[in-house]
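Here are the chains, one letter per residue:
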Amino acid sequence: GAEQGGEMSMTPAPSTGSAENVYLLSYSFNQDYSCFVCGTTAGFRVYTVSPVCEKLRREHTAEFQRRSVVLVEMLNQTNMFAMVTVSDEDPTSGGFNKVQLWDESTKEFRAVFRARSEVKGIVWRRDIIAVVCEYFLYVYNLMDDFQILQHLTTNANPRGLCALASASEPWILCCPGQSMGAVRVQVGQDESLTHVFEAHQSMVAALALNASGSLIATGSEKGTVVKIFQRSDGQLLYRLRRTACARPASISCLTFRHDDRFLALSSSSSTVHIFKLDPATATRSSGEMSPSANASPALGPAQDPHDLPSRGDSFTEQHRGAVNPRVEQLATTLQSVVSNIASHAAAVPAVRGVMPNYFVDLRSFAQFRLPDMNASGQPSVDARSKEARIIGSQLAFHKSGPRLFVLHYSGWLYECSFRLDHDPSTGTQDCGFVGATTWFATRPDFKLQGPNAQVQTVAGGVAEDDPEGEDWQLL
């Protein structure tokens, strides 16, 4: 299914001259954040991140005629795509209940995975694929005739949350557990390493794993507090809180930097947050170090009033109106003063034991306010379809420098920078604006202007000298 080395064989598909506007239904970065893919009301498109370049547009061709791509996930830098497609002429044909594997090198669907109910999410790597429904998920073996490895039952999971470590061996997957607020960790098929821990008292609404599978990030419905756990035993390592006056919002993305020293968060609000996972900072809050080499100090019990479910959890920031800038500035200043005092007081065990979590939670190290927003905090341009599952931007850290890419449904890809030497006691730093590129517009004749970047790819996303490289040809 994937090419044996060389360049990714992707060329824009010929247009049929359709005059209908094209809208976004979903988008996501690939496993190493070098590319991103979007599902549209006419098919799907693939882009490189740096430089921003459209590599493939598979729309209005015979296989995608009058067909929308509701969900799509790219496999590394290969020609394989897992997707949920629905016919515009017959949306009840069962397309929502199956995942198809598209092979761009042969221009055909190579496999189909069927489910009993609507597919809410897809995660995969070269050896397994997980098909996520609202109350269960299936894990299939891609290296052995697509056999079912696991059939896991979850609590209500309407957003199809599931995370898969991209570089672990064996594979590591985490998903909502069977009880509300619980997270299940599945380490291959070794049940002795599989465990469940309570992350929140309300429904888990965001989930992420770092590349090695050693850290798990979770967020609850209100999106004000994010927690980072040690994967091996479910120990709470960090509690992160958005700015002092942050209103509840739906988290759309949590992503770790490659060195696990930073976590970025985006949501339905117009602000992106970057948290610094500094062991020294956490030590001042807890006074003890975790034995894990990749972990950070634990911050104490996971109880927090913001985790408790409430009748207002379901509506997002867009219904609340914009935050008054002067009030926000005052709140940020107050938060900085209180947090600075609290960080010193928390070093004393007797004080730390009675101090509310609010004062010892780690605050945003940096934040980026999305430009081109109106008075209510919404983008001036919205390229989403009414049926889109997109609630906010997707994020990717730069591979080397302190920069962040923000993929937004307005059709813009923003790039911002932050200073590594910033002193958190002075407050949250504002990210610098590096640039922005229009990667998508709804008009059918839109084309991204930019260099035709060459992207290297290898079989199944493994190294060229890996003897397992040929195994991907099983597809």
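Our structure is the block above this text.
Residues numbered from 1 in each chain as written. Predicted model: local features only at pLDDT ≥ 70, side-chain atom pairs only at ≥ 80, totals over all residues. Heavy atoms only, no water.

Caption draft 1: Summary view of the overall build of the protein chain. The helix and strand inventory of the protein chain stands at four helices and 30 strands. Counting the 475 residues in the protein chain, one finds 57% classified as buried. Across the protein chain, the fraction of contacts at a sequence separation of at least 24, relative to all contacts at a separation of at least 6, is 55%. (Helix = DSSP H or I, 4+ residues; strand = E, 2+ residues; numbered from the N terminus. Buried < 20%, exposed > 50% of the residue type's maximum accessible area, 1.4 Å probe, protein only. Contact = heavy atoms within 4.5 Å.)

Caption draft 2: Representation of the sheet that holds strand E28 (residues 412-417). Read from one edge of the open sheet, four strands run E26-E27-E28-E30, paired in antiparallel fashion. Strands at the two margins of the open sheet, each flanked by one partner only, are strand E26 (394-397) and strand E30 (432-438). Neighbour-to-neighbour, the strand axes of this sheet turn through a mean angle of 20°, independent of strand direction. Examined bridge by bridge, E28 and E30 share six bridges and lie antiparallel to one another. Looking at E30, one finds that Ser417 is bridged to Gly432. (Pairing = 2+ DSSP bridges. Axes fitted to C-alpha atoms, helices over the stretch in contact; angles between N-to-C directions.)

Caption draft 3: The arrangement of the pairing of strand E20 (residues 236-241) in detail. Burial of E20 is extensive: six of the six residues sit out of reach of the surface. Alignment of strand E19 (residues 225-230) against E20, held across five bridges, turns out to be antiparallel. Among the inter-strand pairings, Lys227 is bridged to a residue of E20, identified as Arg239. In textbook terms, the turn of a hairpin is the stretch between consecutive antiparallel strands, and for E19 and E20 this stretch comprises five residues, one of which, Gly234, has a positive phi near 75°.

Caption draft 4: View of the environment of Cys416. Within the secondary structure, Cys416 sits in strand E28. On a C-alpha basis, the gap between Cys416 and Arg403 in space is 5.6 Å, while along the polypeptide they are 13 residues apart. Cys416 has contacts with Phe368, Pro402, Arg403, Leu404, Cys431, Gly432 and Val434, leaving out every residue within four places of it along the chain.

Caption draft 5: Inspection of the nonpolar core at higher detail. Among the nonpolar cores identified, the biggest contains 22 residues, and Val99, Leu101, Phe113, Ile122, Trp124 and Ile129 are the most heavily contacted of them. Counting only elements with at least two residues in this core, the list comes to strand E5 (67-74), strand E6 (80-87), strand E7 (98-103), strand E8 (108-114), strand E9 (119-124), strand E10 (128-133) and strand E11 (136-141). With near-sequence residues (within four places) excluded, Ile129 lies in contact with Ala82, Val99, Leu101, Phe113, Ile122, Val123, Trp124, Tyr138, Val139, Tyr140 and Leu142. (Core = buried A, V, L, I, M, F, W, Y, C linked by side-chain atoms within 4.5 Å.)

Caption draft 6: Main features of the environment of Thr85. With respect to the secondary-structure elements, Thr85 resides in strand E6. Between the C-alpha atom of Thr85 and that of Gly39, which follows or precedes it by 46 residues, the distance is 9.0 Å. Setting aside residues no more than four positions away along its own chain, Thr85 makes contact with Phe64, Arg67, Ser68, Val69, Gly95 and Gln100. Among the polar contacts listed, one links the side chain of Thr85 to the side chain of Arg67, at a separation of 3.3 Å. Engagement of the side chain of Thr85 in a polar contact is seen with the side chain of Gln100, the distance being 2.9 Å. (Polar contact = N/O pair within 3.5 Å; in protein donor to acceptor, adjacent residues only side chain to side chain.)

Caption draft 7: A look at the packing of aromatic side chains. The full count for this structure, using the stated rule, is 22 aromatic pairs. Following the ring pairs from residue to residue traces out a cluster consisting of Tyr27, Phe29, Tyr33, Phe36, Tyr47, Trp439 and Phe440. The ring of Phe136 carries Arg116 above its face, with NZ or CZ at 4.9 Å from the centroid. In this structure, Arg384 is placed above the aromatic ring of Tyr409, and the distance from its NZ or CZ to the ring centre is 3.7 Å. (Phe/Tyr/Trp six-rings, centres within 6.5 Å; stacked < 30°, edge-to-face > 60°. Lys NZ or Arg CZ within 6 Å of the ring centre and 35° of its normal.)

Caption draft 8: Summary view of unusual backbone geometry. Cis geometry is adopted by the peptide bond preceding Pro51, which originates at Ser50 and carries an omega value of 0°. Inspection of the secondary structure assignment puts Pro51 in the loop between strand E3 (43-48) and strand E4 (53-59). Non-glycine residue Arg66 carries a positive phi angle of around 55°. Counting through the fold element by element, Arg66 comes out in the loop between E4 and E5. One non-glycine residue, Asp372, adopts positive backbone phi at about 60°. Summarising the element assignment, Asp372 is placed in the loop between strand E25 (366-369) and E26.

Caption draft 9: Structural view of the pattern of salt bridges. This model, assessed by the stated rule, comprises 16 salt bridges. Glu59 is paired through a salt bridge with Arg45; the nearest N and O atoms lie 2.8 Å apart. Of this pair, Glu59 sits in strand E4 while Arg45 sits in strand E3, and the two are 14 residues apart along the sequence. Exposure remark for Arg45: the relative accessible area of 0% places this residue in the buried category. (Salt bridge = Lys/Arg side-chain N within 4 Å of Asp/Glu carboxyl O.)

From the geometry alone we can't say anything about function, so treat these as descriptive.
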